[in-house]
Structure formats: structure tokens, C-alpha cells
Amino acid sequence: MNIKKGDTVKVIAGKDKGAEGKVIGVLREEQRVIVEGVNRVKKHTKVVNQGGRAGTTGGIITAEAPIHVSNVMLVEGDTTTRIGFKRETVTKRRPDGSTYEAERSVRISRKTGKEI
């Protein structure tokens, strides 16, 4: 999954097309993301009086529902971009103080080539 929590994305398909927001949750198994202010749905809740005064009040709650990850694109600067990956060599340190070379994967912008 290329989109992570905290990324700013733009909706490219669906009823909220054109809306931008911050990713507040990622559901990897379903390949869906929850974007702040996008795909808002209303949920009707009952009054629950279990446990004396600790009950919940009823009413209508508005919350964000998940949307498929293919319907959003990452925003970089003022435009959208696709995401690529690049392997880069880094120096890591062992607990005994010795160092070794290893590779790590970083996300890059397909448009500019810069690290995200």
C-alpha cells in the first residue's frame, strides 16, 4: 500500500471528487483509507442506559467512511503525483558498536523524483 497515515491526498473519483484531506486511517486488508472530511456518513445511535449514569446518549453521529485507495492520489506541493520506491544504502550500528551496510526502501515522487 503506497498511502500512509498522515499523508495529504486528493480524491480523484467518486462523489467527493476534487476534495483534499489528510489520511487518518489505513485499512490494509481491505485496501481502503479514511480521509478527513471525505465520504462522510451519518450513523443513528440508540440511547444506552447500562451501568447507571455511564450510559451513552442517542442521536445522529457524522463520521468518515473508508474509500478505496485507488480513488485517491498523493498531493505533493500543489499537484498530485504517483508514488514509486527506491532502495538506498544506509549504515546501521549493532549493539556492540560495529557498523554495517544495509538497504532500506524509501518512497519517491514519480513526478519530481524526490523522497517523500
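Reading the values: rules and limits
- Residues numbered from 1 in each chain as written.
- Predicted model: local features only at pLDDT ≥ 70, side-chain atom pairs only at ≥ 80, totals over all residues.
- Heavy atoms only, no water.
- Helix = DSSP H or I, 4+ residues; strand = E, 2+ residues; numbered from the N terminus.
- Rg over C-alpha atoms; globule rule 2.2 N^0.38 Å.
- Buried < 20%, exposed > 50% of the residue type's maximum accessible area, 1.4 Å probe, protein only.
- Lys, Arg positive; Asp, Glu negative; His and termini not counted.
- Charge placed at Lys NZ, Arg CZ, Asp CG, Glu CD.
- UniProt positions renumbered as here; feature names shortened; annotations may be inferred.
- Pairing = 2+ DSSP bridges.
- Salt bridge = Lys/Arg side-chain N within 4 Å of Asp/Glu carboxyl O.
- Polar contact = N/O pair within 3.5 Å; in protein donor to acceptor, adjacent residues only side chain to side chain.
- Contact = heavy atoms within 4.5 Å.

> What am I meant to see in the overall build of the protein here?
Within the protein, the regular secondary structure consists of zero helices and ten strands. Starting at the N terminus and walking to the C terminus, you meet the elements of the protein as β-β-β-β-β-β-β-β-β-β. The globule rule puts the C-alpha radius of gyration for 116 residues at 13 Å, and the 21 Å found for the protein is more than 25% above it. Once the C-alpha set of the protein is aligned to its principal axes, its extents read approximately 60 × 40 × 25 Å. Counting all 116 residues of the protein, 23% fall into the buried class. On the protein, the mean spot of the 24 positive side-chain charges and the mean spot of the 14 negative ones are 5 Å from each other.

> When you look at the UniProt feature "domain: KOW" (unreviewed entry) in the protein in this model, what are you seeing that I'm missing?
According to UniProt, the "domain: KOW" (unreviewed entry) feature falls on residues 2–29. Secondary structure content for residues 2–29 is 0% helix and 43% strand, while the C-alpha to C-alpha distance between its ends is 13 Å.

> Would you mind going over the sheet that holds strand E7 (residues 72–76) with me for this structure?
Hydrogen bonds along the backbone pair up the strands of a sheet, which may run parallel or antiparallel. Reading across the sheet, the six strands line up as E6-E3-E2-E1-E7-E8 and stay open at both edges, with antiparallel pairing between neighbours. Edge positions in the sheet fall to strand E6 (67–68) and strand E8 (79–81), since each of these pairs with one other strand and no more. Note that strand E3 (residues 32–35) and E6 share two bridges and pair antiparallel. Counted as the bridge partner of Arg32 is His68 from E6.

> Just checking my understanding: could you explain the pattern of salt bridges for this structure?
Close approach of charged atoms allows side chains of opposite charge to pair. If you walk through the whole model with that rule in mind, you get five salt bridges. Where Arg107 meets Asp7, a salt bridge forms, and the shortest distance between an N and an O atom there is 2.9 Å. Taken together, the residues span a long stretch of sequence, with Arg107 in strand E10 (residues 99–109) and Asp7 in the segment before strand E1 (8–11) at a distance of 100 residues. Between Glu64 and Arg40 there is a salt bridge; the shortest N-O distance is 2.8 Å. One end of the pair, Glu64, is in strand E5 (residues 59–64); the other, Arg40, is in strand E4 (residues 40–45), and 24 residues separate them in sequence. Residue classification places Glu64 among the partly exposed positions, given a relative accessible area of 23%. The class for Arg40 is partly exposed, based on a relative accessible area of 42%. Taken together, the shared-partner salt bridges connect Glu88, Arg104 and Glu115 into one network.

> Hey, could you run me through the side chain of Ser109 in this one?
Positionally, Ser109 belongs in strand E10. Within the local environment of Ser109, its side chain forms a polar contact with the side chain of Glu76, the two groups lying 2.8 Å apart. In this structure Ser109 touches Glu76, Thr81, Arg82, Lys114 and Ile116, once residues within four positions along its chain are discounted.

> Help me understand the environment of Ser109 in this model?
Exposure remark for Ser109: the relative accessible area of 1% places this residue in the buried category. The spacing of Ser109 and Val75 is 34 residues in sequence and 9.8 Å in space, taken between C-alpha atoms. Polar side-chain contacts of Ser109 include one of 3.3 Å to the backbone nitrogen of Lys111.

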